[in-house]
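Spelled out from the first residue to the last, the chains are:
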Amino acid sequence: MAERGARLLLSLSCLTFLYSTTLTKHADKGPSPRLFMPFWFSVEPVDTLAVRGGPVLLNCSVHSDLPARVDWKKDGTFLNLAADERRQLLADGSLLVASVVHSKHNKPDEGVYQCVASIESLGSIASRTARLSVAGKARRTRGEAALTGFVFSMGGARGQREEET
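Residues numbered from 1 in each chain as written. Predicted model: local features only at pLDDT ≥ 70, side-chain atom pairs only at ≥ 80, totals over all residues. Heavy atoms only, no water.

A. Quick peek at the nonpolar core. Formed by 19 residues in total, the largest nonpolar core has its most connected members in Trp72, Leu95 and Tyr113. If you list the elements that add at least two residues to this core, you get β1 (39-43), β3 (56-58), β5 (69-74), β8 (95-97), β9 (111-119) and β11 (130-135). The greatest single-element share of this core, amounting to 4 residues, is contributed by β9. Every residue in contact with Tyr113, bar those within four places of it in the chain, is listed here: Leu58, Trp72, Lys73, Lys74, Leu79, Arg87, Leu95, Pro108, Arg128, Thr129, Ala130 and Leu132. (Core = buried A, V, L, I, M, F, W, Y, C linked by side-chain atoms within 4.5 Å. Buried < 20%, exposed > 50% of the residue type's maximum accessible area, 1.4 Å probe, protein only. Helix = DSSP H or I, 4+ residues; strand = E, 2+ residues; numbered from the N terminus. Contact = heavy atoms within 4.5 Å.)

The structure is reproduced here in structure tokens:
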């Protein structure tokens, strides 16, 4: 029993020594380390439907005591926003696509986006993923009648179109 107590006392003194050595090392490098640093997303992107040719905003905002760098991924690859004139990072971390591009063979904006926030001394966090889908502008197909401005009236045995008043 005494041997067990001695081992416990030795383990405790080793842990105390390691802890005090670690604090001494950090004290030489500046302020003591914080035990907890708040760092989370206050706003995360959500699935969005955009219109071809129109703007779209994917929201992202980080809460932290230290300044965080925000980057965006599309389909798992980081975007190079410096080389992209249509996409820009806003001050709050949101991503603005000024004009959504979408055609039969070219769909560079459609995909899965994710916001990644980093603090150099702390690490990185990644938001939930959000799918950006693109809808084409409404087109009238051949044979489709334009009904705007007319009311269909059942007057008598046959239908007649009358101008709306």
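Now, onward.
B. Geometry of the sheet that holds β8. With antiparallel pairing, 3 strands are arranged side by side in an open sheet as β3-β8-β7. A strand with exactly one partner marks an edge of an open sheet, and here the two such strands are β3 and β7 (87-89). Across the sheet, the mean angle from the axis of one strand to that of its neighbour is 20°, orientation sign disregarded. Where β7 meets β8, 3 bridges bridge the pair, whose relative direction is antiparallel. Residue pairing for β8: Leu89 is matched across the bridge by Leu95. (Pairing = 2+ DSSP bridges. Axes fitted to C-alpha atoms, helices over the stretch in contact; angles between N-to-C directions.)

C. Structural context of the environment of Arg131. Tracing the backbone shows Arg131 in strand β11. Relative accessible area serves as the criterion here: at 42%, Arg131 is assigned to the partly exposed category. For the pair formed by Arg131 and Leu58, sequence separation is 73 residues and the distance between their alpha carbons is 10.0 Å. Every residue in contact with Arg131, bar those within four places of it in the chain, is listed here: Asp47, Thr48, Gly111 and Val112.

D. Focus on the pattern of salt bridges. Evaluation of the coordinates by the stated rule reveals 6 salt bridges. The residue Asp75 makes a salt bridge to Lys74 at a minimum N-O spacing of 2.9 Å. Among the salt bridges present, the one from Asp109 reaches Arg87, with a minimum N-O distance of 2.8 Å. You can see Asp109 sitting in the loop between β8 and β9 and its partner Arg87 sitting in strand β7, a full 22 residues away along the chain. With respect to class, Asp109 is no different from Arg87; both count as buried. What emerges from the salt-bridge pattern is a single network uniting Asp84, Arg86, Arg87 and Asp109. (Salt bridge = Lys/Arg side-chain N within 4 Å of Asp/Glu carboxyl O.)

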